[in-house]
Amino acid sequence: MKAATVVPGRPELSAVTELPDPVPQPGELLVRGLWVGFCDIDRDVTERARGVLPPGQDRMVLFHESVGRVVHAPAISGFQEGDYVVGVVRRPDPLPCEACTAGQWDFCLNGEYTERGIKGLDGFGAQQWTVEPQFAIKVTPGLGDLGVLIEPASVVAKAWEQADVIGRRAYFAPRHALVTSAGPIGLLGALLGAQRGLDMHVFDHATEGPKPDLVRALGATYHTSLDDLGCEPDVVIEATGSGKVVFEVLRHTARNAITVEIDGGGVYADSVDGSR
């Protein structure tokens, strides 16, 4: 089979490589790869040596955003041939730490976790790949190939989840929400906010191109200045990673607003008193 392989930090060695067809271990699914997504993490792995090769390998298969269709599934796996699936990226460390033991390996305490296509494990950028059923997400058939967006969408879904967790510490009845950036993560964040029935606002600097229309198609209001919001957001999903934007946003939030910051390394949330 063919696979997209890389050597972390050596972009000139990136190649489409012929590899042996994978053989599923007992209990594993065999999946035919359909689509992968490319994000800044993949660029960091390829160009900036962020990635860690699997033990004993001199190259690794790239890509962590995936969707495929099951070719083979054990009878008791909960999957069947033809199912659309997405592979979970991060895996708990083998020790494991307390967080991984509790099933929260995104909060791994000792950093010994592994990640498909990033750290210590081959990714999903191949014509076929295998995955354990507990690390496979079944995709609604109607979503089909668009399941490739599930992994990036999981980042903003977690951001909204963390906002809920913080909100439960006290009275929390949000009406207005702001997402900073109308890039892929920002648009997905606005989509999930609109599905919650919130009055959604999106801030971005672009005045031309597809961003304004994409935001409006989600039922949100597009802004190029935070001074024009017309409301004080109760929840902010901050997706620019810009310190300047973060501090500017905090000048516009409602009292006791919750601001969640998303970057390539994780999701951070806390409650902020928005009074001036």
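Residues numbered from 1 in each chain as written. Predicted model: local features only at pLDDT ≥ 70, side-chain atom pairs only at ≥ 80, totals over all residues. Heavy atoms only, no water.

Novice: Requested: an account of the overall build of the protein chain, with residues and values cited.
Specialist: Summing up its helical and strand segments, the protein chain has six helices and 17 strands in all. For 276 residues, the compact-globule formula gives about 19 Å, and the C-alpha radius of gyration of the protein chain, at 20 Å, lands near that figure. Across the 276 residues that make up the protein chain, the buried fraction comes to 46%. Considering only intrachain contacts with a sequence separation of at least 6, the fraction spanning at least 24 residues in the protein chain is 61%. Approximately 14,100 Å² of the protein chain is accessible, and the part contributed by carbon and sulfur atoms is 54%. When the 24 basic and 37 acidic side-chain charges of the protein chain are each reduced to a single mean position, those positions are 1 Å apart. (Helix = DSSP H or I, 4+ residues; strand = E, 2+ residues; numbered from the N terminus. Rg over C-alpha atoms; globule rule 2.2 N^0.38 Å. Buried < 20%, exposed > 50% of the residue type's maximum accessible area, 1.4 Å probe, protein only. Contact = heavy atoms within 4.5 Å. Areas by Shrake-Rupley, 256 points an atom, 1.4 Å probe, with all protein chains shown as cover. Lys, Arg positive; Asp, Glu negative; His and termini not counted. Charge placed at Lys NZ, Arg CZ, Asp CG, Glu CD.)

Novice: How would you sum up the sheet that holds strand β9 (residues 120-121)? Please name residues and give values.
Specialist: Strand order across the open sheet formed by three strands is β7-β8-β9, with mixed pairing between neighbours. Each edge of the open sheet is held by one strand with a lone partner, namely β7 (90-91) and β9. Sheet topology places β7 next to strand β8 (residues 114-116); two bridges connect them, and they run antiparallel. Within the sheet, the bridge partner assigned to R91 lies in β8 and is T114. (Pairing = 2+ DSSP bridges.)

Novice: Pulling in residues and values, what's your account of the confidence of the model for the protein chain?
Specialist: Here the protein chain averages 92 in pLDDT, while 95% of its residues score no lower than 70. Predicted confidence is poor over residues 268-276, with pLDDT under 50, and the contacts of this stretch with residues over four places away or in other chains come to 35 contacts. (pLDDT = per-residue confidence, 0-100.)

Novice: Tell me about the pattern of salt bridges, and please be specific about residues and values.
Specialist: Counted under the stated rule, the structure contains 13 salt bridges. Notably, a salt bridge pairs R216 with D213, separated by 3.3 Å at the nearest N-O pair. On the criterion of helical spacing, the pair formed by R216 and D213 is a turn pair, its members being three residues apart in helix α5 (residues 211-217). Here E248 and R251 are joined by a salt bridge, their closest N and O atoms 2.6 Å apart. Residue E248 is classed as partly exposed on the basis of its relative accessible area, which comes to 28%. Residues joined in a network through salt bridges with shared partners are D44, R48 and R50. (Salt bridge = Lys/Arg side-chain N within 4 Å of Asp/Glu carboxyl O.)

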